[in-house]
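Topology and contacts: notes
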Amino acid sequence: MIAAQPQIDISELRPMAFPRAVLTCAPECFDVIDVKNPFMVGQQGKVDCALAKRQWSEMMRVFQQIGIEVKTLTPVEGCEDMVFCANPIFTGLDGDGRPVCVPGHMRFPSRQREVGSHVEWCRANGYRVVDLRSSDLFEGCGDALWHPGRRLIWGGYGPRTSQRVYYELADIFDAPVLPLELRTELFYHLDTCFCPIDEKTVLVYPPALTAPGMDLLRDVFERVIEVDAYEARDSMACNAAPFLGRHVVIQTGAVKVNRALLDLGFEVIEVETSEFMKSGGSVFCMKMHLF
Ligand code: ARG
């Protein structure tokens with residue numbers, strides 16, 4: 001793990017292909033039952049299930065329209081958060097370009113029950129499954145994010161993931177990990193406050209990260225788009241899903257972020273995720289990237 005290495009030259013890192021497929025799970029069993037994060041406070045019993053299904057289907061349509069292949073897991077009764085497919089595992093390519101899946105160690109029991117379905121799917125689809133040796137918390141792609149197009153992992157840690165797991169991830173994937181500490185309970189996963197859009201561009205909500213983390217990302221990204229409190233919290237703008245270094249699928253209403261992305265030439269596609277934000281998630285975490 002690299003602690004703090006100023007002036008990292010991204011162009012010197014090995015390239016990595018953009019994911020062209022995603023693993024998803026329909027919100028058949030989706031609900032807010034217990035409070036796992038501050039977004040969920042007061043939302044028990046408030047999910048409109050029919051609306052959630054429509055929002056999910058529309059999101060899948062958008063992914064396909066961009067050219068992303070959509071694969072699905074079978075929803076499991078008692079796994080009310082299974083729609084948030086980014087969390088129970090972390091996927092990537094190892095140093096030899098082979099697909100690997102690392103199962104997560106989820107903090108909450110209902111989410112621990114999700115991991116098996118993901119792992120089974122990965123095994124059946126050509127992934128090597130590598131278990132972490134430690135039992136430390138690790139919430140997959142909620143906290144560990146690939147740098148777009150390069151062999152570099154951003155390692156978020158705090159409420160759901162232990163910093164220690166990143167020593168193992170760096171070995172498993174033969175890729176450097178840059179740590180980013182989460183300093184609030186509200187922005188509990190890295191994907192709620194940090195969104196690498198392409199090799200040079202990132203969305204970030206600075207108050208959610210510590211000063212060393214902010215310094216590190218400013219060293220790496222040429223273009224740092226700072227998201228304001230309203231767009232970060234109420235539109236979960238940093239939970240946008242970038243694809244192929246060109247398209248960004250984002251919760252509707254993050255006006256300033258959209259303008260900044262459009263000005264930089266990205267194609268922005270807005271979708272409505274109101275029902276899922278009641279559970280603390282939006283576009284990014286509703287799919288696991290596949291290689
Ligand atoms: N209710 C889920 C949880 O608290 C939401 C997860 C959303 N995922 C994300 N990466 N932001 O675990």
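First, a word on scope: everything that follows refers to the structure included in this document.

What counts, and where the lines are drawn
Residues numbered from 1 in each chain as written. Predicted model: local features only at pLDDT ≥ 70, side-chain atom pairs only at ≥ 80, totals over all residues. Heavy atoms only, no water. Near = heavy atom within 4 Å. Polar contact = N/O pair within 3.5 Å; in protein donor to acceptor, adjacent residues only side chain to side chain. Areas by Shrake-Rupley, 256 points an atom, 1.4 Å probe, with all protein chains shown as cover. Nonpolar A, V, L, I, M, F, W, Y, C, P; charged D, E, K, R; others polar. Salt bridge = Lys/Arg side-chain N within 4 Å of Asp/Glu carboxyl O. Buried < 20%, exposed > 50% of the residue type's maximum accessible area, 1.4 Å probe, protein only. Helix = DSSP H or I, 4+ residues; strand = E, 2+ residues; numbered from the N terminus. Expected span 1.5 Å × (residues − 1). Arc of directions from axis to C-beta. Contact = heavy atoms within 4.5 Å.

Moving on, we get to the site of the ligand. Contacts to the ligand come from 18 residues, most closely from Asn-37, Arg-160, His-189, Asp-191 and Ser-279. Asn-87 places a polar side-chain atom, nitrogen or oxygen, 3.0 Å from a nitrogen atom of the ligand. Asp-191 is positioned with one of its side-chain polar atoms (N or O) 2.6 Å from a nitrogen atom of the ligand. Protein contact buries 100% of the 340 Å² of open area that the ligand shows by itself. Here the shell around the ligand is composed, by residue class, of four nonpolar, nine polar and five charged.

Turning our attention to the pattern of salt bridges. Per the stated rule, a full pass over the model turns up 20 salt bridges. Of the charged contacts in the structure, one is a salt bridge between Glu-69 and Lys-71, with a shortest N-O distance of 3.2 Å. Taking the relative accessible area as the measure of exposure, Glu-69 reaches 45% and is therefore partly exposed. We note a salt bridge from Asp-228 to Lys-256, for which the minimum N-O separation is 2.6 Å. Taken as a pair, Asp-228 in the loop between strand S11 (223–226) and helix H6 (229–233) and Lys-256 in helix H7 (residues 255–263) lie far apart in primary sequence, 28 residues in all. Asp-228 gets classed as partly exposed once you look at its relative accessible area, which sits at 26%. We classify Lys-256 as exposed; its relative accessible area is 56%.

In this section: helix H1 (residues 49–66). The terminal C-alpha atoms of H1 lie 26 Å apart, and with 18 residues this matches the ideal 26 Å at 1.5 Å per residue to within 8%. For H1, the set of buried residues is Ala-52, Gln-55, Trp-56, Met-59, Met-60, Val-62, Phe-63 and Ile-66. Around the axis of H1, the buried residues are gathered within 160° of arc, so they sit on the same side. Facing away from the buried side of H1 by more than 90 degrees, the exposed set consists of Arg-54 and Gln-65. Each element contacted by the buried residues of H1 is listed here: strand S1 (21–25), strand S2 (69–73), strand S12 (241–243), strand S13 (247–251), strand S14 (267–271) and helix H8 (274–277). You can read the cap of H1 off the contacts: a side-chain oxygen lies 3.2 Å from the backbone nitrogen of Ala-50, and it is on Asp-48. With its phi angle positive at about 110°, Gly-67 sits one or two positions after the end of H1.

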